[in-house]
There are 2 protein chains.
Amino acid sequence: MSKRLPTLAVVGATGAVGTVMLGILSERENVWGEIRLVASARSAGKVLRVRGEDVVVQALTPEVFDGVDVAMFDVPDEISKEWAPIAAARGAVAVDNSGAFRMDADVPLVVPEVNADQVRNRPRGIISNPNCTTLSMIVAIGALHRTYGVKELVVSSYQAASGAGQEGIDVLRDQMAAVGADRSLAEKAGDVREAVGELGPFPAPLAYNVVPWAGSLKDDGWSSEELKVRNESRKILGLPDLRVNATCVRVPVITTHSLVVHATFDSEVAADDARKLLGESDGVQVLDDPAKAEFPTPADVVGTDPTWVGRIRQSLDDPASLDLFLCGDNLRKGAALNTAQIAEVVAKEFTKD
Amino acid sequence: MSKRLPTLAVVGATGAVGTVMLGILSERENVWGEIRLVASARSAGKVLRVRGEDVVVQALTPEVFDGVDVAMFDVPDEISKEWAPIAAARGAVAVDNSGAFRMDADVPLVVPEVNADQVRNRPRGIISNPNCTTLSMIVAIGALHRTYGVKELVVSSYQAASGAGQEGIDVLRDQMAAVGADRSLAEKAGDVREAVGELGPFPAPLAYNVVPWAGSLKDDGWSSEELKVRNESRKILGLPDLRVNATCVRVPVITTHSLVVHATFDSEVAADDARKLLGESDGVQVLDDPAKAEFPTPADVVGTDPTWVGRIRQSLDDPASLDLFLCGDNLRKGAALNTAQIAEVVAKEFTKD
């Protein structure tokens, strides 16, 4: 007798992350029986390909979750907030990639390489996927934490435009086209601002520029993105008092977030030992030989699955601190891939021989 | 009787920094009598404008320094190393913008807003101008240090292409022209690398990318640029044991370096107090109102003189730590302007009523 494989619903199948998700579901070892694609009523009836088959997109209704074991949500916060509990009430485990439930004490925040055991602590039937910026570093930091015990993180981000969705991608491409051929630009204050045209979701030009802002304004000048890095790192690592200072900056890269992390541990960490440990860790790829110009960059990392780590240096002032440069594809591990990995952990519960 | 004004020589007048220097000498209140422009034999005979007058460029020879009171050097390290002592031997005070003498114990490293008093401690007749990355933050950090006492700096840079000279500017412009119009790029690993063409002075593509490397490889994986930020900050602030961790990253910006700094002080610092103090400090401009999308960005800062500071936040874990975002034009304050300011301090010694 063949296995009974669980049924999956992908809510938000037509969006930027949803599109990457269909690719990931098609590439990875299949653990799913039926896959239902779900989107807004506007997109219902569209035909998308997944696992080499055409699938008709269904409208988001309560009934679409009947018989579904796992429902992934790649939709805005307010849609998740309303619909993930509906899916859960219909018996599905909701794996949500929005910010709606991440800090809910009754919702686990899961990165399978770090805290896969947390998927079963889900009294609401909902599991959250972390923010893409946190996800671009936390697999590597989690691996170091298990051996050395992390005490403090100082994080600076170099975030890609696609973190702001398809509109972010489109606006950066428009700006690059507008400024790319003009060799006189960027010599005096404001001329790039004049040349780029629309700013889209960004508060300043992104082409030929960097912008020290992502998300919305919270108390005391912190951005929502910076507080997510802080709060989500604490929750995933199970360290509610971890010291975290993050400054989030947008850069003119389409996809793949980069981060500089200064991490302080409970015990001394030699760079070679950290390099070896990270090289043996699931989901981490070390690329660290500056003599050969080997270090990760977003242009070389985009479209790949691991968290890439390079520039691993022991602090000259503190043998228990490391300075690192990390890159991760914010649409894959930073969103769709991690959601798929969580769903696969849950799928095992429903898979019957 | 009119004043006797000192004679200035500008060595490297035809280079990227030299060109900015001639503009700065033309804009600032004039403190100079004769200004001699000096360059390689190849450029001798060229006519350049400074202070609204045409000046013929002279070849670099020992005799060109006869009668010169102050000689600025905006040339590569090896040229400074050879020629600054020759200028000094001929009686000129050499103000050198190269890396040749910065860490020499007998050469002061001066930022007039921070340590102008050091210009007189020059047993070799040479004064050094700091590296552009250090200069992009040190005026602001120096101001905070005077009141709060700085203990530790964690620095991440977002460095402009012009830090690598005219070749860096040209290569980034070529890369931007090559990728700007192609809307299919930057979706998978390596396709930007294929599209950009020449890498020039950078070890990876800079358009649609960020590159975690600047300078040459030093011990234990640190780059020369990262060690400059550490060693020069210590020397300028007069704090030989200051803890400094820097990670230097190149971004696709033509001119103006940005830095994220996590600074820890001896005493508590409220963000409002820091904002007020920085706002009253010479050479610093505060732009810090995220609710109105007000923070410095390189595109808005390029061509201006101050160190711009925004995103001023008190650490949520430590009331004695601040997180800041700073921008400074690396060709002006980061090079030509600070050199001009040092020379002006020296000029006072030679100015006779």
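Residues numbered from 1 in each chain as written. Chains lettered and ligands numbered in written order. Predicted model: local features only at pLDDT ≥ 70, side-chain atom pairs only at ≥ 80, totals over all residues. Heavy atoms only, no water.

## Brief notes about the packing of helix H4 (residues 132-148) of chain A against helix H7 (residues 224-237) of chain A
All names here are of chain A. For the record, the criterion: Angles shown run from 0 to 180 degrees and are taken between the N-to-C directions of axes, each axis being a line fitted to C-alpha atoms and, for helices, limited to the stretch in contact. Every helix listed is a DSSP run of H or I at least four residues long, and every strand listed is a run of E at least two residues long, numbered separately from the N terminus. Throughout, a crossing is termed right-handed when the near helix is turned clockwise from the far one, and left-handed when it is turned anticlockwise from it by less than a right angle. Any two residues whose heavy atoms approach within 4.5 Å are treated as being in contact. By the convention adopted, Pro, Cys, Tyr, Trp, Phe, Met, Ile, Leu, Val and Ala count as nonpolar, Lys, Arg, Asp and Glu as charged, and the other residues, Gly among them, as polar.
The geometry of H4 relative to H7 is characterised by a closest axis approach of 10 Å and an angle of 35 degrees between their N-to-C directions. Crossing handedness for the pair H4 and H7: right-handed. Across the interface between the two elements, Thr133, Thr134, Met137, Ile138, Ile141, Gly142 and His145 of H4 pack against Glu225, Lys228, Val229, Glu232, Ser233, Ile236 and Leu237 of H7. For the contact of H4 with H7, the class distribution of residues is 6 nonpolar, 5 polar and 3 charged.

## Description of helix H5 (residues 165-179) of chain B
Short version of the rule: Under the convention used throughout, the expected extent of a helix is 1.5 Å for every residue step, that is, one less than its residue count. Residue burial is assigned from relative accessible area. The probe radius is 1.4 Å, only protein chains are included, and a residue is buried under 20% of its type maximum, exposed over 50%, and partly exposed in between.
An ideal rise of 1.5 Å per residue puts 21 Å on 15 residues; H5(B) measures up with 22 Å between its terminal C-alpha atoms. Turning to H5(B), its buried residues are B:Gly168, B:Ile169, B:Val171, B:Leu172, B:Arg173, B:Gln175, B:Met176 and B:Val179. In this structure, the buried side of H5(B) is in contact with helix H5 (165-179) of chain A together with helix H6 (191-195) of chain B.

## Brief notes about the packing of H4(A) against helix H10 (residues 332-350) of chain A
Residues and elements named next belong to chain A. Inclusion rule: Relative orientations are named as follows: roughly parallel for angles under 35 degrees, roughly antiparallel for angles over 145 degrees, roughly perpendicular for angles from 65 to 115 degrees, and oblique for any other angle.
Contact geometry of H4 with H10 gives a least axis separation of 8 Å together with a crossing angle of 85 degrees. The angle between H4 and H10 places the two elements in the roughly perpendicular class. Between H4, through Cys132, Leu135 and Val139, and H10, the contact on the second element is made entirely by Lys333, Gly334, Ala335 and Asn338. By residue class, the composition of the contact of H4 with H10 is 4 nonpolar, 2 polar and 1 charged.

## Some points on the relation of the copies chain B and chain A
Applicable threshold: Least-squares superposition of the copies uses the C-alpha atoms of those residues scoring a pLDDT of at least 70 in each of them.
The transform that puts chain B on chain A rotates by 180 degrees and translates by 0.0 Å along the axis, for an RMSD of 0.0 Å. Here the two chains are linked by the operation of a two-fold rotation axis. Closest approach to the rotation axis among the C-alpha atoms of chain B is made by B:Gly180, whose C-alpha sits 2.3 Å away. With an isologous cut-off of 70% or more, the 100% of interface residues of chain B that recur at the interface of chain A puts this contact in the isologous class.

## What to know about the pattern of salt bridges
The criterion, for reference: Salt bridge, as applied in this entry: a Lys or Arg side-chain nitrogen positioned within 4 Å of an Asp or Glu carboxyl oxygen.
By the definition in use, this model includes 50 salt bridges over all chains. The shortest N-O distance in the salt bridge between A:Arg90 and A:Asp66 comes to 3.2 Å. Of this pair, A:Arg90 sits in the loop between helix H2 (77-89) and strand S7 (93-96) while A:Asp66 sits in the loop between strand S5 (58-59) and strand S6 (70-73), and the two are 24 residues apart along the sequence. Assessed through its relative accessible area of 36%, A:Arg90 is described here as partly exposed. Across the pair B:Glu280 and B:Lys276 runs a salt bridge whose closest N-O atoms are separated by 3.4 Å. We classify B:Glu280 as exposed; its relative accessible area is 59%. B:Lys276 sits in the exposed class, given a relative accessible area of 54%. Members of the salt-bridge network, linked through shared partners, are A:Glu27, A:Asp305 and A:Arg332.

These values are about where atoms sit, not about what they do.
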